[in-house]
Amino acid sequence: MADFDYDVLVIGSGPGGYVAAIRAAQLGLKTACAEGRETLGGTCLNVGCIPSKAMLHASEYYDAAANGAFAKLGIKVKPELDLDTMHGQRKDAVKGLTGGIEFLFKKNKVEWLKGYGTFTGPNSVKVGDRTVTARNIVIATGSSVTPLPGVEIDQKVVVDSTGALELPKVPAHMVVIGGGVIGLELGSVWRRLGAKVTCVEFLDQILPGFDGEVRKEANKIMKKQGIEFKLGTKVTGVTVKPAPAKAGGGKATLTVEPAKGGASETIEADCVLVSIGRRPNTEGLGLDKVGLATNNRGQIDTDHDFRTSVPGVWAIGDVIPGPMLAHKAEDEGIAVAENIAGLTGIVNHDVIPSVVYTMPEIAGVGLTEEQARKKGEVKVGKFPMLANSRAKTNHEPDGFVKVVADAKTDRVLGVWCIASVAGTMIAQAAQAMEFGATSEDIAYTCHAHPTHSEALKEAAMAVTGKPIHI
Ligand code: FAD
Ligand code: NAD
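The model shown is predicted, which means the values in this text are computed figures rather than measured ones.

Conventions and cut-offs
Residues numbered from 1 in each chain as written. Chains lettered and ligands numbered in written order. Predicted model: local features only at pLDDT ≥ 70, side-chain atom pairs only at ≥ 80, totals over all residues. Heavy atoms only, no water. Core = buried A, V, L, I, M, F, W, Y, C linked by side-chain atoms within 4.5 Å. Buried < 20%, exposed > 50% of the residue type's maximum accessible area, 1.4 Å probe, protein only. Helix = DSSP H or I, 4+ residues; strand = E, 2+ residues; numbered from the N terminus. Contact = heavy atoms within 4.5 Å. Expected span 1.5 Å × (residues − 1). Near = heavy atom within 4 Å. Polar contact = N/O pair within 3.5 Å; in protein donor to acceptor, adjacent residues only side chain to side chain. Nonpolar A, V, L, I, M, F, W, Y, C, P; charged D, E, K, R; others polar. Axes fitted to C-alpha atoms, helices over the stretch in contact; angles between N-to-C directions. Parallel < 35°, antiparallel > 145°, perpendicular 65-115°, else oblique. Left-handed = near helix turned anticlockwise from the far one by under 90°. Patch = residues over 30% accessible without salt bridge, like charges linked within 9 Å, V, L, I, M, F, W, Y side chains within 5 Å. Areas by Shrake-Rupley, 256 points an atom, 1.4 Å probe, with all protein chains shown as cover. Salt bridge = Lys/Arg side-chain N within 4 Å of Asp/Glu carboxyl O.

**Notes on the nonpolar core**
Part 1 of the reasoning: Counting residues in each nonpolar core, the largest one holds 53 residues, and the members touching the most others are Leu9, Phe105, Phe119 and Ile139.
Part 2 of the reasoning: It is helix H1 (residues 15-26) that contributes the most residues to this core, seven residues altogether.
Part 3 of the reasoning: Sequence-distant contacts of phenylalanine 119, that is, excluding residues within four places in its chain, are made with Ile11, Ser124, Val125, Ile137, Ile139, Leu285, Gly286, Leu287, Lys289, Val290 and Val313.
Part 4 of the reasoning: Formed by 36 residues, the second largest nonpolar core is a distinct cluster that contains Leu184, Leu186, Val197 and Met222.

**Comments concerning helix H9 (residues 326-340)**
Along an α-helix, a turn takes 3.6 residues, which lines up residues three or four apart on a common side.
Part 1 of the reasoning: Between the first and last C-alpha of H9 there are 21 Å, a value that for 15 residues agrees with the 21 Å anticipated at 1.5 Å per step.
Part 2 of the reasoning: Counting buried positions along H9 gives eleven out of 15 residues, so the element sits mostly inside the fold.
Part 3 of the reasoning: Regarding H9, the residues found buried are Ala326, Lys328, Ala329, Glu332, Gly333, Ala335, Val336, Ala337, Glu338, Asn339 and Ile340.
Part 4 of the reasoning: Each element contacted by the buried residues of H9 is listed here: strand E1 (6-11), H1, helix H2 (42-47), helix H3 (49-66), strand E6 (130-139) and strand E17 (313-315).
Part 5 of the reasoning: With its phi angle positive at about 90 degrees, glycine 342 sits one or two positions after the end of H9.

**Focus on the site of ligand 2**
Part 1 of the reasoning: As a matter of local geometry, ligand 2 sits amid 22 residues, with Ile182, Glu185, Glu201, Gly277 and Val355 nearest to it.
Part 2 of the reasoning: Within the backbone of glycine 277, one N or O atom sits 2.9 Å away from an oxygen atom of ligand 2.
Part 3 of the reasoning: Between a nitrogen atom of ligand 2 and a main-chain N or O atom of valine 355, the distance comes to 2.7 Å.
Part 4 of the reasoning: In terms of residue class, the shell around ligand 2 is made up of 13 nonpolar, five polar and four charged.

**So, the packing of H1 against helix H5 (residues 83-108)**
Part 1 of the reasoning: Running from amino to carboxyl end, H1 crosses H5 at an angle of 20 degrees, the nearest separation of the two axes being 9 Å. In terms of their interaxial angle, H1 and H5 are classed as roughly parallel. The way H1 lies across H5 gives a crossing that is left-handed. Between H1 and H5, the contacting residues are Tyr18, Ala21, Ile22, Ala25 and Gln26 on the first element and Ile101, Leu104, Phe105 and Asn108 on the second.
Part 2 of the reasoning: Among the residues forming the contact of H1 with H5, the class breakdown is seven nonpolar, two polar and no charged.

**Describing a nonpolar patch on the surface**
Part 1 of the reasoning: There is a patch of nonpolar side chains on the surface, built from Leu73, Ile75 and Val77 and spanning about 260 Å² of accessible area.
Part 2 of the reasoning: Considering the arrangement of structural elements, one finds valine 77 in the loop between helix H4 (69-72) and H5.
Part 3 of the reasoning: What makes valine 77 partly exposed here is its relative accessible area of 44%.

**Points about the site of ligand 1**
Part 1 of the reasoning: Within the structure, ligand 1 sits among 38 residues, and Glu35, Thr43, Lys53, Gly117 and Ala326 are positioned closest to it.
Part 2 of the reasoning: A distance of 3.3 Å is found between a nitrogen atom of ligand 1 and a backbone nitrogen or oxygen belonging to glycine 36.
Part 3 of the reasoning: Taking alanine 326, its main chain carries an N or O atom lying 2.8 Å from an oxygen atom of ligand 1.
Part 4 of the reasoning: Taking 1,000 Å² as the accessible area of ligand 1 by itself, protein coverage stands at 93%.
Part 5 of the reasoning: Per-element accounting of the shell around ligand 1 gives the leading share, four residues, to H2.
Part 6 of the reasoning: Per-class residue counts for the shell around ligand 1 are 15 nonpolar, 18 polar and five charged.

Right, dumping it as structure tokens:
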């Protein structure tokens, strides 16, 4: 039998890759993880989930202080923005967490191979100057920003999400191209810090993939907060006029037109954020060396166990089909390691929650009402946050919770909510759905009072028409 350097080599150390590597090592497999970045943790820890949440958290306090929410509570302050310190705490969060993965690698005896990995043949990968062999190779190379043809990202005037996290000053006018998760989160950050924000979205509504009513309500709330939306509009060009040397900044002129055709107009901006999606990282991986092809969306297809079509090669996370989310990648990381070790690793792709970390947060799990109605008869229960005692007391009246259940069996098919802590609330919905709960199960579960989560109980009660507080 062939001798390999490692039982498992994971390529990429994002939430998919580092979790797979740690679990494989925990299961007694000799494991290495190749990472081309300077630090571990992938997109999520370095330039994604964590730094964006650091800026969202800080800017939310600033907004509350600047725009009257603190004053309403009897706290009078005149805030002054210290953007350098705000960026400093973001960098500290990233440093602490990426360093934490390095610590966990050492603790679990996962070897970090520094450099980008390229297949050189079956079971063989070149990482930097070294070629190593492994019985099992897990591709966890993640994703990168989708470019907009004809629009060059200079990370000064035209930025992607990475550049938008690091702007050295608040732009007077930021135009966000794409009303998806990144557009709403990072648009909110800079709107809160004082920028005028315009969001140009190709589709007729923001947040594709979310429940229709949630998309509409989210749009209404974001508009009320001051983001201007140009829906059903496409950007046909962006020209940049750089500022004179040393002056910093620069200006952009965007040409936009109705997505369905019509007269074009121009928009002037100090900063343009391109956030139209992400695409899988497979370039330079040498997939041809092992006879692995990508599908028509550039992803690597796998079976239910995360095996690719090539024996010994597995794939997880953003590089395979499914939502591009850190927790989906993490769960796949655990499952693939368990499958490699001969155990049964499973991910239920029907129950992956999605959260947009705006204020209020927007969250959902399972089927949207539209998807559920296509499959059969459903019953829907809704409860407004305005009628939830805790939300009302905290001056957080926006949003609602919606439970979609099968009309015959009452089994919960989807839960959607807009609430200040929707991201935390959605966990109980996901767990209930994992256990095959009915709306009645949720309605008869005792929820602590006063909590935002009581709104989920009441929405479940509303499925059969009997909420108490409306
Ligand atoms: P990645 O995290 O992309 O990691 C892949 C790693 O592989 C990278 O470090 C890369 O350098 C490395 N790599 C690539 N090719 C090679 C190679 N050939 N050799 C060696 N290394 C290689 N998701 C959420 O769930 N919640 C959020 O709040 C959230 N916020 C986000 C905010 C932003 C601004 C962005 C951009 C994304 C956000 N996401 C969020 C998405 C989340 O970051 C991704 O879904 C997640 O990181 C995917 O994990 P992954 O392990 O598949 O890949
Ligand atoms: P997205 O897919 O969420 O949204 C992209 C938006 O851009 C869509 O609404 C789309 O219709 C629109 N669009 C596409 N082409 C366009 C064009 N030419 N002009 C105008 N609009 C256009 O993508 P994203 O916001 O870039 O985020 C990328 C990925 O990162 C997502 O898959 C998301 O899951 C992940 N992410 C997750 C979180 C989170 O979980 N909180 C946060 C940030 C990013």
